[in-house]
Structures are given as C-alpha cells and as structure tokens.
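What follows is each chain in one-letter form.
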Amino acid sequence: LDAGGGSGGVAIGLAEALPHLQVTVAELPAVAAIAQRFVERSGAAERVQVQTVDTVRQQITGTFDAAILRYVLHVMSREDAYQVLLNVHQALKPSGTIYIQAEPADDSRLTPESSVLWGPIYSAIYEHGQLLTVQEYRDLVTRAGFEDFQLDADRIISARRPVHAHATAVHR
C-alpha cells in the first residue's frame, strides 16, 4: 500500500523491480485520476491498483503486508496524521510493516540540517505543515497501535502492526 502515493511513481517502480508484487496507491480523487493515467501508461495496471480514498476520513479497502507513507504526514495536522496512521494500521495484516519517509528532525529540532531547513517551508506551503521530530513520529505511530518503532540510517521510520493486534478504533 502506498498511502498518499501521489502520481504512483513509487508503486510503479516497485512493481517493475519486483514482478511478484501487487501494489495499491491510495489517493484523493483528483490525484487518484492522475495516478491512474500514469499506471496505465506504464503498463503496470495489472499489478498496480489505484484506490480513491481520503485516508484521513475513510478506511482503506483491502489488507496489505506493508505500507509506505512518503512525505505525507508532515503536511497535515497531527490529528489528521493520527487518523491516517489508524486507517493504515487497520489495513495492514498482523505483523505488517509501515514505512514512513519524512526526514524527521532530531528531538532538539536543530539537526539534521537538511530536515530543519524544510520546516519553515512546510509551514509556509501547507495550512497545517510542520516539521515533526523523531519523538513526535514515535508518539503518533505508537498511539495508532504500532510497535517496534525504528529509525534507520537513511532516516526512514518503520514500525509493525502487532501480531495480535485488536481492531483499532477509528475516531473521527
């Protein structure tokens, strides 16, 4: 699942690199139409599906082994980011992994420089844009029911839906 997958580039690339993989892009209606065109033009339509869904307000259809959120959560309010994480959590199979590419700032908000410099830009471009720290991501992800939060050397966050996860209540 590529939640907030934009034009579908990541999903198409994954499908091309991994021939056994089925990928779903979940996007808002206007963007989903664009993603669908890219998927069709790429020849990947048999393995890349586009789902029109507001991941903040609606449940994602299907069950997935993994989910990617690439530069998604920092453009919305924390409550909306939490709702997205809840909806992704519900769509993942037990032990499913979520990967968040977002370049979080360290908890000091002073490093890494590349992340810190984007903070004011997010705030200027997006109504609720914000620079989130590693701890703020950890808090959001854990609150949404994920466990085993990790930040790798490339600053990609991963966490897992527990094996014995109960259905997480979605609060709207």
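Residues numbered from 1 in each chain as written. Predicted model: local features only at pLDDT ≥ 70, side-chain atom pairs only at ≥ 80, totals over all residues. Heavy atoms only, no water.

Participant: Outline a nonpolar patch on the surface, supporting the account with residue identities and numerical values.
Facilitator: A cluster of nonpolar side chains, Trp118, Ile121, Ile125 and Tyr126, forms an exposed patch at the surface whose accessible area comes to about 390 Å². Relative to the elements of secondary structure, Tyr126 occurs in the loop between helix H4 (113-125) and helix H5 (134-143). Taking relative accessible area as the criterion, Tyr126 reaches 36% and is therefore assigned partly exposed. (Patch = residues over 30% accessible without salt bridge, like charges linked within 9 Å, V, L, I, M, F, W, Y side chains within 5 Å. Areas by Shrake-Rupley, 256 points an atom, 1.4 Å probe, with all protein chains shown as cover. Salt bridge = Lys/Arg side-chain N within 4 Å of Asp/Glu carboxyl O. Helix = DSSP H or I, 4+ residues; strand = E, 2+ residues; numbered from the N terminus. Buried < 20%, exposed > 50% of the residue type's maximum accessible area, 1.4 Å probe, protein only.)

Participant: Can you explain the side chain of Gln51? Please cite residues and give values.
Facilitator: Position of Gln51 among the secondary structure elements: in strand S3 (residues 48-52). In this view, Gln51 contacts Thr24, Val25, Ala26, Glu27, Gln59, Ile60 and Thr61; residues no more than four positions away in its chain are not counted. (Contact = heavy atoms within 4.5 Å.)

Participant: Help me get a handle on the pairing of S3, residues and values and all.
Facilitator: As paired strands, strand S2 (residues 23-27) and S3 are joined by five bridges and run parallel to one another. Bridge pairing links Val25 to Val50 in S3. Once you follow S2 into helix H2 (residues 29-42) and on to S3, the crossover reads as right-handed. (Pairing = 2+ DSSP bridges. Right-handed = clockwise from strand over helix to strand, strands pointing away.)

Participant: Can you break down the nonpolar core residue by residue, with the values?
Facilitator: Core analysis: the biggest nonpolar cluster contains 33 residues, and Leu69, Leu73, Val88, Ile98 and Ile100 have the highest contact counts within it. Elements supplying a minimum of two residues to this core: strand S4 (64-70), helix H3 (78-91), strand S5 (92-101), H5 and strand S7 (156-160). No other element matches the seven residues that H3 contributes to this core. Setting aside residues up to four positions removed in sequence, Ile100 forms contacts with Leu69, Leu73, Leu85, Tyr137, Val141, Arg155, Ile156 and Ile157. Within the second largest apolar cluster, eleven residues are counted, among which are Ala11, Ala32, Ala35 and Val48. (Core = buried A, V, L, I, M, F, W, Y, C linked by side-chain atoms within 4.5 Å.)

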